[in-house]
Amino acid sequence: YNSAVLFFLSVFQQRIEIHKLRDGDNLILGFSIGGGIDQDSNSSQNPFSEDKTDKGIYVTRVSKGGPAEVAGLRMGDKIMQVNGWDMTMVTHDQARKKLTKKNEDVVRLLVTRKSLENAVRQSMMQH
Amino acid sequence: MDTESTYSGYSYYSGRSRGSHRHGERSRDRHKSRSKESSRSEKSVTINAPPAEPLLGEQSVRGEEVQDDNWGETTTAVTGTSEHSLSQEDIVRISKDLDDSVGLDCKRYLNVALSVILGLVVLLTPLAFLILPHLLWPDRLRTCGTACEGLFISVAFKLLILLLAVWALFFRPPRAGLPRIFVFRALLATLVLLFVLSYWLFYGVRILDSQDEDYQGIVQYAVSLVDALLFIHYLAIVLLELRQLQPFFSLCVTRSTDGATQHYNLGQLSIQRAAVVILENYYKDFPVHNPAMLTASKSRAAKHLAGLKVYNVDGPGGNNAAAGIAQSQSRAMIAAAARRRDSSHNELYYEEAEHERRVRKRRARLVVAVEEAFTHICRMQEEEQKKASGDVMDPREAAQAIFPSMARALQKYLRTTRQQHLHSMESIQQHLAFCITNNMTPKAFLESYLTTGPTLQYGKDRWLARQWTLISEASVTSGLKDGTIFLLKCIDFSLVVTTKKIPYIQLAEEFIDPKSHKFVLRLQSETSV
């Protein structure tokens, strides 16, 4: 039972390491983000968030074959941390800045995924 | 909950004091019934009947206990119907008699006489200065040259202006009779008197005695007097009229009977002048005082204390004990009144709802009746008047013709809203004729009956507010200050006036560049990283 609980806690959130791709002068990650505390959280526009007042940063698009897809990022992921910086209560622009720092080649994201939660819950119930 | 805790303390005492009495079981019964009552009542009376000196507690309790024995025979109930033996008409008549007092008129005439004398003195002094040399030493006077004659014209016109100005400022019909003298006016009159006297003194000593020949000098002296008088008049305008124009205090006026409140902004005035301003505004701002509206709350208040009477059975027990007894008695009464299963709030609610319904029904009937009555009248045009075909009426006759059809509905409505004493048949017909003459609609005619208007709207005999008394702790000629409170008492009610200073306003400015108004749409923006 203890191991199941630890499993439960650790798999709700996933750590993803993306290596930025150099494209001329820019470093790109290959996905798009939406959300932020300064955004208008109209529920129809954010199908990924469970709670309609959630102002976190969500992954809205993942470009095919880009570094993000290779690292395992999926559309609909909610980004909780970027390199240790909290992403749950930031503005859209702050999130963008944290992801596109010019002197960083690697970003380590902590994400949660609804499908992950459901999967873990189902497996918990089976036990 | 508070009631219960204090209550149990009280009854604990009573239980304890009567523990040794023969009426043991009765006291227990009453204790039980009282505690039952307290658990049923939801009042939150926080009067703490203190566990005072047991001696006093015992006495009052013993008094109630004895009363309980034969309370049926000895209770008195205040019913509240036989309180007044004077009808409202009697009171109005008495107040009218008070109106004809002689003392006030005397003061008014004295004031007028004094001011007329002062005015004449002031007016004739320059003329006297000019004429006296010609009368007393005409031969020695140097002839008046051109400049001197020019000065004559200036004296004449300045005197004329002074005369008109004094008439405009001082000789207006007085609006009110004040209890004390008007300080500024008295000061100004004194100033003018001293001024003129000093001029006369100088004139008498230096010119009359020495019989000066320089007539131009004398004329210039007279001109300077008139100039100085004009400047004193300017001072009078500033002190009497201009100083109180700038609002400085905000006065809150509340009527004591029904709480109607108004606010007025006044400048720096003395208390009596402020009272006059307030009374002038009272007649137009406050709804007319209707004593019939107050009887309901009075009867409710009387019912609260009905059936409660505290007897002091232990006889005179000395002064110290008497005060203590009275205090504990009144506390006992308040506590007992709070404990009683009182459903008067329920009665009030249903009574008011019923009254509201009745008023609305009567009002609907009245409006329909009046509208129907007005359709029977139509105005004849000029051309039609020429070929008049009998039956042509003037407004008064027209009003009398349509009045009977609405009279009953109107009377019923006025009775329901307790306004029937404010309007007489004659006044209603006059108002109807007035409305017909001026092409008013039925709604305009009804407006003065559906809403209670200000006191000025009604005839003078309905006002019930003529003779006013100013009650103030500070002297009435002293100026208004922040926190001044005074009362304006009438026979039936009083107006309570409190003063507050208007705060000093510090205004700051902020400049906004018109080009700085820029906007951006906030959508679910998506950024690729």
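If you're wondering where the values come from, they're calculated on a predicted model, not measured in any experiment.

**Some remarks on the overall build of chain B**
Within chain B one finds 17 helices and six strands. Looking at chain B residue by residue over its 529 residues, the buried ones come to 29%. When contacts within chain B are restricted to residue pairs at least 6 apart in sequence, long-range pairs at least 24 apart make up 77% of them. If you sum the accessible surface of chain B, you get close to 34,700 Å²; carbon and sulfur atoms cover 59% of it.

**Quick look at the overall build of chain A**
Summing up its helical and strand segments, chain A has four helices and eight strands in all. Across chain A, helices and strands are ordered from the amino to the carboxyl terminus as α-β-β-β-β-β-α-β-β-α-β-α. Looking at chain A as a whole, 39% of its 127 residues are labelled buried. Counting contacts in chain A only where the partners sit at least 6 residues apart, residues at least 24 apart contribute 69% of the total. Taken as a whole, chain A presents about 7,600 Å² of accessible surface, with 52% of it coming from carbon and sulfur.

**Topic: the side chain of Arg113 of chain A**
Residues and elements named next belong to chain A. Position of Arg113 among the secondary structure elements: in the loop between β8 (106-112) and α4 (114-126). A distance of 3.5 Å separates a polar atom in the side chain of Arg113 from a polar atom in the side chain of Gln14. A polar side-chain atom of Arg113 sits 2.6 Å from a polar atom in the side chain of Asp77. Among all residues touching Arg113, those that are not within four sequence positions of it are Phe12, Gln14, Ile16, Gly72, Leu73, Arg74 and Asp77.

**Re the environment of Leu366 of chain B**
Of note, Leu366 of chain B is situated in helix α13 (residues 344-375). Distance from Leu366 of chain B to Leu446 of chain B, taken between C-alpha atoms, is 8.9 Å for residues 80 residues apart in sequence.

**Considerations on helix α17 (residues 442-450) of chain B**
Every buried residue of α17 of chain B is accounted for by Pro442, Phe445, Leu446, Ser448, Tyr449 and Leu450 of chain B. As for α17 of chain B, its buried residues are in contact with α13, α15 (395-416) and α16 (425-437) of chain B.

**A closer look at the pattern of salt bridges**
All names here are of chain B. Here the structure, examined in full by the defined rule, presents 13 salt bridges over all chains. Across the salt bridge formed by Arg140 and Glu213, the nearest N and O atoms sit 3.6 Å from each other. A residue pair is termed long-range when its members are at least 10 positions apart, and Arg140 in the loop between α6 (102-136) and α7 (146-170) and Glu213 in the loop between α8 (183-208) and α9 (215-242) qualify at 73 residues. A salt bridge links Glu241 to Arg172, with the nearest nitrogen and oxygen atoms 2.9 Å apart.

**A word on the sheet that holds strand β2 (residues 261-266) of chain B**
All names here are of chain B. Read across the open sheet, the five strands follow the order β2-β1-β5-β4-β3; overall the sheet is antiparallel. Each end of this open sheet is capped by a strand with a single partner; those strands are β2 and β3 (469-472). For this sheet the average axis-to-axis angle between neighbouring strands, irrespective of direction, equals 25°. Judged from the four bridges that link them, β3 and strand β4 (residues 485-489) form a sheet pairing that is antiparallel. Its bridge partner being in β4, Thr469 is matched across the sheet by Lys489. Strand contacts of helix α10 (residues 271-285): β1 (249-255), β2, β3, β4 and β5 (494-501), with the helix running at about 135° to β2, the strand carrying the most contacts.

**A few points about the packing of α8 of chain B against α9 of chain B**
Residues and elements named next belong to chain B. Two elements in contact, α8 and α9, have axes whose closest approach is 11 Å; the angle formed by their N-to-C orientations is 170°. On the basis of their axis angle, the class for α8 and α9 is roughly antiparallel. On α9, the residues that touch Phe184, Arg185, Leu188, Leu191, Val192, Phe195, Val196, Tyr199, Phe202, Tyr203 and Ile207 of α8 are Ile218, Tyr221, Ser224, Leu225, Ala228, Leu229, Ile232, Leu235, Ala236, Leu239 and Leu240. Partitioning the contact of α8 with α9 into residue classes produces 20 nonpolar, one polar and one charged.

**Concerning the side chain of Ser494 of chain B**
Residues and elements named next belong to chain B. In this fold, Ser494 is placed in strand β5. For Ser494, a relative accessible area of 11% puts it in the buried group. When residues no more than four places from it in sequence are discounted, the contact partners of Ser494 are Thr254, Arg255, Ser256, Leu487, Leu488 and Lys489.

**Section: α8 of chain B**
An ideal rise of 1.5 Å per residue puts 38 Å on 26 residues; α8 of chain B measures up with 36 Å between its terminal C-alpha atoms. Along α8 of chain B, the residues that are buried comprise Leu188, Val192, Val196, Tyr199, Tyr203 and Ile207 of chain B.

**Details of the environment of Ser427 of chain B**
Mapped onto the fold, Ser427 of chain B is located in helix α16. Linking Ser427 of chain B and Tyr458 of chain B, residues 31 residues apart in sequence, is a C-alpha distance of 9.2 Å.

**With respect to the confidence of the model for chain B**
Residues and elements named next belong to chain B. Across chain B, the average pLDDT comes to 78, with 74% of residues at 70 or higher. In this model residues 1-67 is a low-confidence stretch, pLDDT under 50, and it forms 67 contacts with partners more than four residues away in sequence or in other chains. Segment residues 80-84: pLDDT under 50, and three contacts once partners within four positions in sequence are set aside and those in other chains are kept. This complex was scored by the predictor with a pTM of 0.61 and an ipTM of 0.73.

The rules behind each value
- Residues numbered from 1 in each chain as written.
- Chains lettered and ligands numbered in written order.
- Predicted model: local features only at pLDDT ≥ 70, side-chain atom pairs only at ≥ 80, totals over all residues.
- Heavy atoms only, no water.
- Helix = DSSP H or I, 4+ residues; strand = E, 2+ residues; numbered from the N terminus.
- Buried < 20%, exposed > 50% of the residue type's maximum accessible area, 1.4 Å probe, protein only.
- Contact = heavy atoms within 4.5 Å.
- Areas by Shrake-Rupley, 256 points an atom, 1.4 Å probe, with all protein chains shown as cover.
- Polar contact = N/O pair within 3.5 Å; in protein donor to acceptor, adjacent residues only side chain to side chain.
- Salt bridge = Lys/Arg side-chain N within 4 Å of Asp/Glu carboxyl O.
- Pairing = 2+ DSSP bridges.
- Axes fitted to C-alpha atoms, helices over the stretch in contact; angles between N-to-C directions.
- Parallel < 35°, antiparallel > 145°, perpendicular 65-115°, else oblique.
- Nonpolar A, V, L, I, M, F, W, Y, C, P; charged D, E, K, R; others polar.
- Expected span 1.5 Å × (residues − 1).
- pLDDT = per-residue confidence, 0-100.

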